[in-house]
Amino acid sequence: MMAAESLDPFLPERFFDHARHLLAPIGSGRDVAGERVINPEFHPPAGFRAREAAVLIPIVARERPTVILTRRTAFLRKHAGQIAFPGGSVDPGDRDAAAAALREAQEEIGLDPVLVEPIGYLDPYIAGTGFRILPVVARVAPDHQLALNPHEVESAFEVPLSFLMTPENHRLGSRELDGARHFFYEMPYDDHYIWGITAGIIRGLYERLFA
């Protein structure tokens, strides 16, 4: 049993050490344009100019790590009711993308930055909505408490990291939009439908750390 446990990639210390080695370090200058993107199949139209955004991938350092996800409120102008990571635009006052992600997580779900340790940057995701999203992988203390902003977040929940990092749980879905078929990942979990940008970022994390 001990030998099997020592090989478990989802033991907290093993996972976070592994992530530190494979992610771009905070403050490395990777929060600028030019590197590989998670979704290379996205072909921006002529004149496309992405705005900078950041999301926090909050991984709770439980005995079996989990990932905090949110369900956006139904009355938001964009992505209403969808499953998302906490995050938003990088503001001029933010030191870097990591600072923006921590600020947004505190504003949206009341996650105290003192209990969050940014581990590193994942490759960016270019969204058709006009944002270049830089995901910030972070370790969250298990004794954290959340206070949801009711104007932005309907609920928050945790999903086992091992579930999200299992490729058999990554289904490929598609929808017809403007006469073209668009493909995306979807990862249903219990009664939560994780898809689109959020699922694409999760898939990017899997490909970087485990593929």
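Per-chain numbering applies: the sequence of each chain, read as written, is numbered from 1 onward. Selection of residues for local features in this predicted model requires a pLDDT of at least 70, selection of side-chain atom pairs for listing and counting requires 80 or more, and totals for whole chains, interfaces and linings are taken over all residues. Note that water and hydrogens are dropped before the side-chain values are worked out from all heavy atoms of the structure.

With that out of the way, let us pick up the overall build of the protein chain. Secondary structure assignment for the protein chain yields five helices and 11 strands. Relative accessibility under 20% of the residue-type maximum defines a buried residue, over 50% an exposed one, and the middle range a partly exposed one, all with a 1.4 Å probe and only protein chains included. Taking all 211 residues of the protein chain together, the buried fraction comes to 46%. Residue contacts are counted whenever heavy atoms from the two residues lie within 4.5 Å of one another. Across the protein chain, contacts joining residues at least 24 apart in sequence account for 67% of those joining residues at least 6 apart. Only the protein chains shown count as covering a residue, and every accessible area follows the Shrake-Rupley method with a 1.4 Å probe. On the protein chain, roughly 10,800 Å² of surface is accessible, and the fraction owed to carbon and sulfur atoms is 55%. By the criteria applied, helices consist of DSSP H or I runs no shorter than four residues and strands consist of E runs no shorter than two, each listed in order from the N terminus.

On to the packing of aromatic side chains, then. Classification of ring pairs uses Phe, Tyr and Trp, with its six-membered ring standing for Trp, and accepts pairs whose centres are within 6.5 Å; under 30 degrees between planes counts as stacked, over 60 as edge-to-face, and the remaining range as tilted. Applying the stated criterion to the full structure yields six aromatic pairs. When the ring of Phe-15 is compared with that of Phe-210, the centres are 6.4 Å apart and the planes differ by 25 degrees; the resulting orientation is stacked. Remark: Phe-210 occurs in the segment after α5 (196-209) and Phe-15 occurs in helix α2 (residues 12-22); sequence separation between them is 195 residues. Using a relative accessible area of 26% as the deciding quantity, one classes Phe-210 as partly exposed. Definition used: whenever NZ (Lys) or CZ (Arg) falls within 6 Å of the ring centre and also within 35 degrees of the ring normal, the charge is taken to sit over that ring. Over the ring of Phe-131 we find Arg-51; its NZ or CZ atom is 4.2 Å from the centre of that ring.

With that settled, the discussion passes to the nonpolar core. For our purposes a nonpolar core is just a set of buried Ala, Val, Leu, Ile, Met, Phe, Trp, Tyr and Cys residues, chained together by side-chain atoms within 4.5 Å. Among the nonpolar cores identified, the biggest contains 37 residues, and Ile-57, Leu-164 and Ile-194 are the most heavily contacted of them. When residues no more than four places from it in sequence are discounted, the contact partners of Ile-194 are Leu-69, Ile-83, Leu-164, Tyr-185, Glu-186, Met-187, Tyr-189, Ala-199 and Ile-202.

Along the chain, the position of His-144 falls in the loop between β7 (131-140) and β8 (153-160). Reaching out from His-144, the side chain makes a polar contact with the backbone oxygen of Ala-141 at a distance of 2.9 Å. Here His-144 is in contact with Val-60, Arg-62, Ile-68, Leu-111, Leu-115 and Glu-158, once residues within four sequence places are set aside. As used in this structure description, the phrase polar contact means that two N or O atoms lie within 3.5 Å; if the pair is within protein, one of them must be able to donate a hydrogen and the other to accept it, and residues adjacent in sequence are counted only when both atoms belong to side chains.

Moving on: the side chain of Asn-149. Structurally, Asn-149 can be placed in the loop between β7 and β8. Apart from residues lying up to four places away in sequence, Asn-149 is in contact with Glu-107 and Glu-108.

Shape is all these values report; function is a separate question.
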